[in-house]
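# A structural walkthrough
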Amino acid sequence: MTVVRQLRAPAAVSDPPDDDLAAIEVHDLRMRYGTTDVLTGVSFTAQRGEVVALLGPNGAGKTTTIEILEGFRIRSAGDVRVLGVDPGHGDERWRSRLGVVLQSWRDHGKWQVRELLAHLGLYYTPYSTPRIRRPWDVDDLIDAVGLTPHAGKRVSQLSGGQRRRLDVAIGIVGRPELLFLDEPTAGFDPEARREFHDLVHRLADIDDTTILLTTHDLDEAEKLADRILILAGGAIIADGSPDQLSRRVAADAEVRWSRDGDRFVHSTGDATAFVRELFQQYGEAIADLEVRRASLEDTYMAFVREYESGRSASALRAFEEVTR
Amino acid sequence: MRAARAGLTRGRIELRHTLTNGQDLWNYIFPAVLLLVVIFFMRNATVPGTSFSLGSRTMPSALGMNVAFGGLVTMAMALTVDREDGTLLRAKAIPNGMVGYLIGKITLVAGMGLISLTIQLVPGLLLLDGLSVRGASSWLTLIWVVLLGMVATMPIGAIFGSLVTNPRNMGMIMLPLMGLIATSGIFYPITNFPVWLQWLAQVFPIYWLGLGMRSAFLPGDMAAVEIGESWRHLETVGVLGAWAILGLVVAPIVLRRMARRESGSRVAERREKAMQRIT
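Here is what the cut-offs are and how they apply
Residues numbered from 1 in each chain as written. Chains lettered and ligands numbered in written order. Predicted model: local features only at pLDDT ≥ 70, side-chain atom pairs only at ≥ 80, totals over all residues. Heavy atoms only, no water. UniProt positions renumbered as here; feature names shortened; annotations may be inferred. Helix = DSSP H or I, 4+ residues; strand = E, 2+ residues; numbered from the N terminus. Pairing = 2+ DSSP bridges. Axes fitted to C-alpha atoms, helices over the stretch in contact; angles between N-to-C directions. Contact = heavy atoms within 4.5 Å. Parallel < 35°, antiparallel > 145°, perpendicular 65-115°, else oblique. Left-handed = near helix turned anticlockwise from the far one by under 90°. Nonpolar A, V, L, I, M, F, W, Y, C, P; charged D, E, K, R; others polar. Buried area = accessible area lost by both parts, 1.4 Å probe. Salt bridge = Lys/Arg side-chain N within 4 Å of Asp/Glu carboxyl O. Polar contact = N/O pair within 3.5 Å; in protein donor to acceptor, adjacent residues only side chain to side chain. Buried < 20%, exposed > 50% of the residue type's maximum accessible area, 1.4 Å probe, protein only. Phe/Tyr/Trp six-rings, centres within 6.5 Å; stacked < 30°, edge-to-face > 60°.

## What about the UniProt feature "domain: ABC transmembrane type-2" (unreviewed entry) in chain B?
- Following the UniProt record, the feature "domain: ABC transmembrane type-2" (unreviewed entry) maps to residues 22-258 of chain B here.
- As a span, residues 22-258 of chain B carries 75% helix and 0% strand, and end to end its C-alpha atoms are 32 Å apart.

## A look at the sheet that holds strand β5 (residues 98-101) of chain A
Residues and elements named next belong to chain A.
- One open sheet accounts for 6 strands, arranged β5-β6-β7-β3-β8-β9; its pairing is mixed. Unpaired on one side and paired on the other, β5 and β9 (235-240) mark the two borders of the sheet. The mean inter-strand angle of the sheet, taken between neighbouring strand axes irrespective of direction, is 15 degrees.
- Along the sheet face, helix α11 (residues 296-308) touches β3 (51-55), β8 (227-232) and β9 and points at about 30 degrees away from the line of β8.

## Considering the environment of Phe204 of chain B
Residues and elements named next belong to chain B.
- Here Phe204 is to be found in the loop between α8 (195-203) and α9 (205-217).
- In sequence terms Phe204 and Phe217 are 13 residues apart; their C-alpha atoms lie 21 Å from each other.
- Not counting chain neighbours up to four residues away, the residues in contact with Phe204 comprise Leu180 and Trp243.

## Remarks on the packing of helix α2 (residues 22-41) of chain B against helix α5 (residues 97-127) of chain B
Residue and element names in this part refer to chain B.
- Two numbers describe how α2 lies on α5: the axes approach to 9 Å, and their chain directions differ by 30 degrees. With respect to α5, the element α2 is oriented roughly parallel. The chirality of how α2 crosses α5 is right-handed. Judged by residue contacts, Tyr28, Pro31, Ala32, Leu35 and Leu36 of α2 engage Met112, Ile115, Ser116, Ile119, Gln120, Pro123 and Leu127 from α5.
- In terms of residue class, the contact of α2 with α5 is built from 10 nonpolar, 2 polar and no charged.

## Describing the UniProt feature "transmembrane region" (unreviewed entry) in chain B
Residues and elements named next belong to chain B.
- Residues given the UniProt feature "transmembrane region" (unreviewed entry) here are residues 25-42, 63-81, 101-128, 140-164, 170-188 and 237-255.
- Taken end to end, residues 63-81 has its terminal C-alpha atoms 25 Å apart, with 100% of it in helix and 0% in strand.
- Spanning residues 237-255, this segment combines 100% helix with 0% strand, and its end C-alpha atoms are found 26 Å apart.

## Quick word on the interface of chain B and chain A
- Facing 36 residues of chain B, the contacting portion of chain A comprises 29 residues.
- Together, the buried faces of chain B and chain A total about 3000 Å²; carbon and sulfur atoms form 57% of this surface.
- The interface formed by chain B and chain A holds 5 salt bridges in total.
- At the junction of chain B with chain A, the criterion picks out 17 residue pairs in polar contact (both at pLDDT 80 or more).
- A per-element tally of the side of chain B that touches chain A places helix α1 (residues 2-18) of chain B first, with 10 residues.
- By residue class, the composition of the side of chain B that touches chain A is 10 nonpolar, 13 polar and 13 charged.

## Quick notes on the pattern of salt bridges
Residue and element names in this part refer to chain A.
- Per the stated rule, a full pass over the model turns up 28 salt bridges over all chains.
- Where Arg193 meets Asp217, a salt bridge forms, and the shortest distance between an N and an O atom there is 2.5 Å. Residue Arg193 is found in helix α7 (residues 190-206), and its partner Asp217 is found in the loop between β7 (210-214) and α8 (218-224); the two are separated by 24 residues along the sequence.
- A salt bridge links Arg256 to Glu254; the shortest N-O distance between them is 3.4 Å.
- Classification of Glu254 as partly exposed rests on a relative accessible area of 22%.
- It is possible to trace a salt-bridge network through shared partners that takes in Arg48, Arg97, Arg134 and Glu177.

## Let's talk about the packing of aromatic side chains
- For the coordinates displayed, the defined rule picks out 6 aromatic pairs over all chains.
- On the numbers, 5.6 Å between centres and 55 degrees between planes, the contact of Trp257 of chain A with Phe274 of chain A is tilted. Placement of Trp257 of chain A in strand β10 (residues 253-259) and of Phe274 of chain A in helix α10 (residues 271-282) is noted, with a sequence separation of 17 residues between them.
- Residue classification places Trp257 of chain A among the buried positions, given a relative accessible area of 8%.
- The class of Phe274 of chain A is buried, set by a relative accessible area of 19%.
- Aromatic pair Trp26 of chain B and Phe30 of chain B: ring centres 5.2 Å apart, planes at 40 degrees, arrangement tilted. Here Trp26 of chain B pairs with Phe30 of chain B, and both are found in helix α2, just 4 residues apart, close to one helical turn.
- Accessibility expressed as a relative area gives 48% for Trp26 of chain B, which makes it partly exposed.
- A relative accessible area of 38% means that Phe30 of chain B is categorised as partly exposed.

In structure tokens, the structure reads:
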């Protein structure tokens, strides 16, 4: 077993690692600035093709985590593998397989949209493989992000939403296997947000791109992510699909109905039993029935509150024992 | 290799951008106009101890100064601005992007230097008496002085640009530079200055760039009013070469350190600060 691994190791350097390897593996990641611990032991993995959302209150360490994975920040301790490579020592080939969506401000203001994307694509041509043709054809790319009518415009003339679409285009021009999105839709109007979500879905479906995103928008996380990580106090306090997470907190469902023109609201742990009883009692008189399960927002708040009241460590341990 | 070519392309595109917007065009033309105005007011003055026009002496000296200015200030400005607005971070996020960015920036700054040089030189040659380009050797001198001057100043400018984090702090560099220009014999010969000031001027590249440009354009006997009564080409190569070596050794270290620290949150921080200044 060991021998096989040793023989395989050199090949992994030049060839793209096997598909069954996780895209991101983080084990006990720690980050300390001076005497402040920002990350106190973050562990998680992201499989290839998975869309993972990293949630958490401000200052929880989301951006620090993502910047360490991008190779932009050197960690204090812990094991990190991004596409099989330590991001602290990633070479240019590794870099060519990543996409980072940065928030533009006024950079490249004099460049035309098409000119800029064509230029940035040049850097990826040496890293084209038979499986992944790099870079993305510039006109297809502009079309994919919906900037075709603005291809000839200068970047400084774009609106906020158009500029963010350009940011995404720059992030994916090299057809990344792994894409980082740090608060991608901050400042979007609802329509731009919807278009952006469609774009992310397309990337995840067609190109099987692994995506790690941070966001404050819980609806967005629920819509986009296969899996959700909640980061609080420098560690992951919850990890699972939106469904799994909501089942883990004993949040009440909300039942709304009307009877004889009056409206009622009731919170209950067992909505099915409550509604059955309701019908038995009033039958036909019940109208406008609505049952709302705990939303991701409720779940998220429950986790964060639980963490803040200091019970997170024991709760997490209990959960792990149950799942084991 | 591919990244180097991409860098050249980048420099060419950005150079074209400078020729297609008013602000940049004005930045090219304004110094040329200013120089002509200065020389116009000097029209009746002569270089002390000679009957040679002071204006005609100032012209090549100012060209040398502008080479130094371009290398130091344009380069430093470009780096601080690109760092503040995230251009540099974009370069860092793509494979070999930093190599491409740097080559692009060198191409851009060198190109801008040559364009301004031409804009200032041509009217000078047409309007001023006493300036002579005496065949191939003059042009050769012009070329090596300009090239060596760029190599001597651009890395130093890049170092300043990496150390200054806020573009609005560029004054810290501009003020001493102005003082240096005043003592470097650009607008007036320094042979009458106190000796210690002459020595100070001769430490820095601006004096030597002025001297080198004068040697290319002025008649040979004008060397008599220079320090040591000679154009001192050997010393020019020595001092500019020393600055070039110093810059080329230190710049990569400083640039690498600066680039390593770039990240999205740093750019966001600076953006926040800049927004506060605006409102």
